[in-house]
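# Topology and contacts: notes
Each chain is listed here by its residues.
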Amino acid sequence: MTRVSIQTQDFDVSTELALLRAGDARVGAVCCFVGTVRDRNEGDAVASMELEHYPGMTEKSIAAMIDEALARFDLYGVRVIHRVGLLQPLDQIVLVAVTSAHRGESFQACEFLMDYLKTQAPFWKKEQTPEGARWVDARVADDAALARWGIAAPPQVG
């Protein structure tokens, strides 16, 4: 199974989870996170969000994150899907799904991967608001979430 997909089309969570655990009787826990587009951010209405990425580099970066998760946690399978292109409020953006023998490993690994994705994956987000388009910067809270795993976010340039 492909571990990383960057795509414009939506995904079906049930299908992805079924594929991730198919035929693996060792699996006792499946944990997933699905991120969606909100209609508000920083107090402003959001009409749409456009996500861009660096093809090839993004997939490689996420694959390295998955390798790090596999080294830290006792996992059987990992699947990350991240959408790009123009998205509307309520659209799914990201799926992070993991399988393991026990729930603790699955919960931790899923959270670790999301913290890593929010700060390390090369995606650029532009929101359309009533005031016009704006690029979304990384949040201090995302860097703090990553730091609890012993990983420092790279310094912001600009």
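You'll find the structure just up there.
Predicted model only: the values in this text are computed from it and were never measured. (Residues numbered from 1 in each chain as written. Predicted model: local features only at pLDDT ≥ 70, side-chain atom pairs only at ≥ 80, totals over all residues. Heavy atoms only, no water.)

## What about helix 3 (residues 103–120)?
With 18 residues, helix 3 extends 25 Å from end C-alpha to end C-alpha; this agrees with the ideal 26 Å at 1.5 Å per step. Listed in full, the buried residues belonging to helix 3 are Ser106, Ala109, Cys110, Phe112, Leu113, Met114, Asp115, Tyr116, Leu117 and Thr119. (Helix = DSSP H or I, 4+ residues; strand = E, 2+ residues; numbered from the N terminus. Expected span 1.5 Å × (residues − 1). Buried < 20%, exposed > 50% of the residue type's maximum accessible area, 1.4 Å probe, protein only.)

## Some remarks on unusual backbone geometry
A negative phi angle characterises most non-glycine residues, just as the trans form characterises most peptide bonds. In the Ramachandran plot, Leu90 falls in the positive-phi region, its phi being about 85° despite a non-glycine side chain. Assignment of secondary structure puts Leu90 in the loop between strand 7 (85–87) and strand 8 (92–100). Taking the relative accessible area as the measure of exposure, Leu90 reaches 75% and is therefore exposed.

## Concerning the packing of aromatic side chains
Scanning all chains against the criterion turns up two aromatic pairs. A cation over a ring is seen here: Arg26 above Tyr76, with NZ or CZ 3.9 Å from the ring centre. (Phe/Tyr/Trp six-rings, centres within 6.5 Å; stacked < 30°, edge-to-face > 60°. Lys NZ or Arg CZ within 6 Å of the ring centre and 35° of its normal.)

## So, the pattern of salt bridges
Under the defined criterion, the tally for this structure stands at seven salt bridges. Here Arg3 makes a salt bridge to Asp67, at a shortest N to O gap of 3.0 Å. Of the two residues, Arg3 sits in the segment before strand 1 (4–7) while Asp67 sits in helix 2 (residues 57–72), which places them 64 residues apart along the sequence. Under the relative-accessibility criterion, Asp67 is labelled partly exposed at 42%. For the salt bridge of Glu127 with Arg134, the shortest nitrogen-to-oxygen distance reads 3.0 Å. A relative accessible area of 3% means that Glu127 is categorised as buried. It is possible to trace a salt-bridge network through shared partners that takes in Asp44, Glu127 and Arg134. (Salt bridge = Lys/Arg side-chain N within 4 Å of Asp/Glu carboxyl O.)

## A word on the sheet that holds strand 6 (residues 75–83)
Across the sheet, which stays open at both edges, the four strands sit in the order 1-6-8-2 with mixed pairing between neighbours. Pairing within the sheet leaves two strands with one partner each, and these edge strands are strand 1 and strand 2 (29–36). Looking at each pair of strands side by side, their axes are set apart by 10° on average, direction ignored. Relative to strand 6, strand 1 runs parallel, the two sharing four bridges. Its bridge partner being in strand 6, Gln7 is matched across the sheet by Arg83. Most of the contacts of helix 1 (residues 13–21) go to strand 8, to which it runs at about 25°, and overall it touches strand 2, strand 6 and strand 8. Here helix 3 sits on the sheet and contacts strand 2, strand 6 and strand 8; the angle it forms with strand 8, its principal contact strand, is near 145°. (Pairing = 2+ DSSP bridges. Axes fitted to C-alpha atoms, helices over the stretch in contact; angles between N-to-C directions. Contact = heavy atoms within 4.5 Å.)

## Quick word on the packing of helix 2 against helix 3
The N-to-C vectors of helix 2 and helix 3 enclose an angle of 150°; their axes lie 10 Å apart at closest approach. Between helix 2 and helix 3, the angle is such that the two are roughly antiparallel. Considering how the two elements wind past one another, helix 2 and helix 3 form a crossing that is right-handed. Every residue of helix 3 that contacts helix 2 at Ser61, Ile62, Met65, Ile66, Glu68, Ala69 and Arg72 is listed here: Phe112, Leu113, Tyr116, Leu117 and Gln120. Across the contact of helix 2 with helix 3, the residue classes break down as eight nonpolar, two polar and two charged. (Parallel < 35°, antiparallel > 145°, perpendicular 65-115°, else oblique. Left-handed = near helix turned anticlockwise from the far one by under 90°. Nonpolar A, V, L, I, M, F, W, Y, C, P; charged D, E, K, R; others polar.)

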